[in-house]
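Report on the structure
Here are the chains, one letter per residue:
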Amino acid sequence: MTILITGGTRGIGYALAERCLAAGHHVVITGTSTDGVSRAEAALGTSVDDTTRVIGVVCDVRDAGESTRAVETAVQRFGGLDVLVNNAGVGIGAPVADLSDEEWRRILETNLTGTFHCCRAAIPHLRARGGGWIVNVSSLSSTRPFAGGAAYCASKAGLNAFTEALMEEVRADGIRVTLVLPGSVATGFSGRPAGQDSDWRLHAEDVAQAITDLLAHPPRSLPSRLEIRPAQPKRG
Ligand SMILES: NC(=O)c1ccc[n+]([C@@H]2O[C@H](COP(=O)([O-])OP(=O)(O)OC[C@H]3O[C@@H](n4cnc5c(N)ncnc54)[C@H](OP(=O)(O)O)[C@@H]3O)[C@@H](O)[C@H]2O)c1
């Protein structure tokens, strides 16, 4: 399969790219930083001793044209697209009274509008293949909003509604759409040091495994919503 993972330069997206490559798939990763994309592309190619099955594309999902280009690159390089994982995301914690217009826009345009851009570009190619899968990475905080997370929680709650509507829209075409809602993951997300509290938080690999397990479901089956929590959170 050919799998496009937005935000695949580190964290959950990178762990997912590693697993998909190990399973023999073609993988396209994206990120906004040229250095980050080049480094991740090289490391992923080395990890499977095959640089031909992975490509990195510099793409800011907030930009419709760049999102379309990432999808077209996957299709041209590998002959089609089977799976789109909308994983790119940002989180900026700030009380509403202190949140700037730029921060609000960055969160909403990355987490919600970016997913729209990539889905719109990918759907015709998935239809051309006779079906496929779109996996949208949301967050449990979309259903359990917290103080200081208004913009982030709103972006992910919007993503949930977008995803459920899209699922109904494209189901009859054989395109499966799944919402994945992780709890706390020990990545460098939102400026946290990567690996912090990794004794109790989920690891990026756990979410990656859940997504690759999902993709192994038989064609008649659509797990449409997947919530993943740390099994034993810190007390208190
Ligand atoms: N970590 C958690 O606790 C947690 C919990 C629930 C849900 N999630 C969700 O899981 C997803 C991945 O998070 P993570 O923890 O793996 O975060 P991460 O380690 O910070 O990785 C985020 C990835 O997204 C990319 N990205 C950011 N803005 C982008 C943009 N505008 N266009 C394209 N790529 C962009 C980053 O690349 P560049 O820096 O190069 O742009 C990076 O590859 C996010 O959607 C997040 O909301 C995370």
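For the structure, check the block above.
Each residue is numbered by its place in its chain's sequence as written, counting from 1. The predicted nature of this model means local features are confined to residues of pLDDT at least 70 and side-chain atom pairs, given and counted, to a pLDDT of 80 or more, with totals for whole chains, interfaces and linings taken over all residues.

1. Here's the deal with the pairing of strand S1 (residues 2-5)
- Every second residue of S1 is oriented toward a common face, with Thr-2 and Leu-4 on one face and Ile-3 and Ile-5 on the other, all of them buried.
- Following DSSP output, two strands are said to pair if at least two bridges run between them. Put simply, DSSP marks the helices as runs of H or I at least four residues long and the strands as runs of E at least two long, and each gets a number from the N terminus on. In terms of strand pairing, S1 meets strand S2 (residues 26-31) through four bridges, oriented parallel. Bridge pairing in S2 places Ile-5 opposite Ile-29.
- Handedness of a crossover is defined as follows: orient the strands so they point away from the viewer, and if the path from the first strand over the helix to the second runs clockwise, the crossover is right-handed. Regarding topology, helix H1 (residues 11-22) serves as the crossover connection from S1 to the parallel S2, and that connection is right-handed.
- Both S1 and strand S4 (residues 83-86) contribute to a ladder of three bridges, which runs parallel. If you follow Ile-3 over to S4, its bridge partner there is Val-83. Comment: burial labels come from other C-beta atoms within 10 Å of the residue's own C-beta, placed from the backbone, where a count of 20 or more is buried, 12 or fewer is exposed, and between is partly exposed.

2. Considering H1
- Compared with the 16 Å implied by 1.5 Å per residue over 12 residues, the 17 Å span of H1 between its first and last C-alpha is a close match.
- Extensive coverage of H1 is indicated by the burial of nine of its 12 residues.
- Listed in full, the buried residues belonging to H1 are Gly-11, Ile-12, Gly-13, Tyr-14, Ala-15, Leu-16, Ala-17, Glu-18 and Cys-20.
- Phi turns positive one or two residues past the end of H1, at Gly-24, with a value near 95°. Each helix should span, by expectation, one fewer than its residue count multiplied by 1.5 Å.

3. Topic: the sheet that holds strand S5 (residues 132-137)
- Taken in spatial order, the seven strands line up as S3-S2-S1-S4-S5-S6-S7 in an open sheet, and their pairing is parallel. The open sheet has two edge strands with one neighbour each: strand S3 (54-58) and strand S7 (225-228). Direction aside, neighbouring strands of the sheet carry axes that sit 15° apart on average.
- When strand S6 (residues 175-182) meets S7, the two strands line up parallel, connected through four bridges. Counterpart to Pro-182 in the pairing with S7 is Ile-228.
- C-beta atoms are placed from the backbone for every residue, and two residues are taken to be in contact when these atoms lie within 7 Å. All axes are obtained by fitting lines to C-alpha atoms, using only the stretch in contact for helices, and the reported angles, taken between N-to-C directions, cover 0 to 180 degrees. The strands touched by helix H2 (residues 34-47) within the sheet are S2 and S3, with S3 carrying the most contacts at an inclination of about 175°.

4. What to know about the pairing of S6
- Of all eight residues making up S6, eight are buried, and the element is well covered by its neighbours.
- Neither face of S6 is left uncovered, since the one carrying Ile-175, Val-177, Leu-179 and Leu-181 and the one carrying Arg-176, Thr-178, Val-180 and Pro-182 both have all their residues buried.
- Relative to S6, S5 runs parallel, the two being bridged by six bridges. Looking across to S6, one finds that Asn-136 is bridged to Leu-179.
- The β-α-β motif built from S5, the intervening helix H5 (residues 150-170) and the parallel element S6 has right-handed crossover chirality.
- Viewed along the sheet, the connection from S6 through helix H6 (residues 204-215) into S7 turns out left-handed.

5. So, the site of the ligand
- The C-beta atom of each residue is placed using the backbone, and any residue whose C-beta lies within 6 Å of a molecule or strand is treated as near it. Neighbouring the ligand are 33 residues, the closest being Gly-7, Gly-11, Gly-31, Thr-32 and Gly-89.
- Breaking the shell around the ligand down by element, the ones donating at least two residues are H1, S2 and helix H4 (101-128).
- Looking at the shell around the ligand element by element, the count peaks at three residues for H1.
- For this classification, the nonpolar set comprises Ala, Val, Leu, Ile, Met, Phe, Trp, Tyr, Cys and Pro, the charged set comprises Asp, Glu, Lys and Arg, and every other residue, Gly included, is treated as polar. Its residues assigned to classes, the shell around the ligand comprises 10 nonpolar, 20 polar and three charged.

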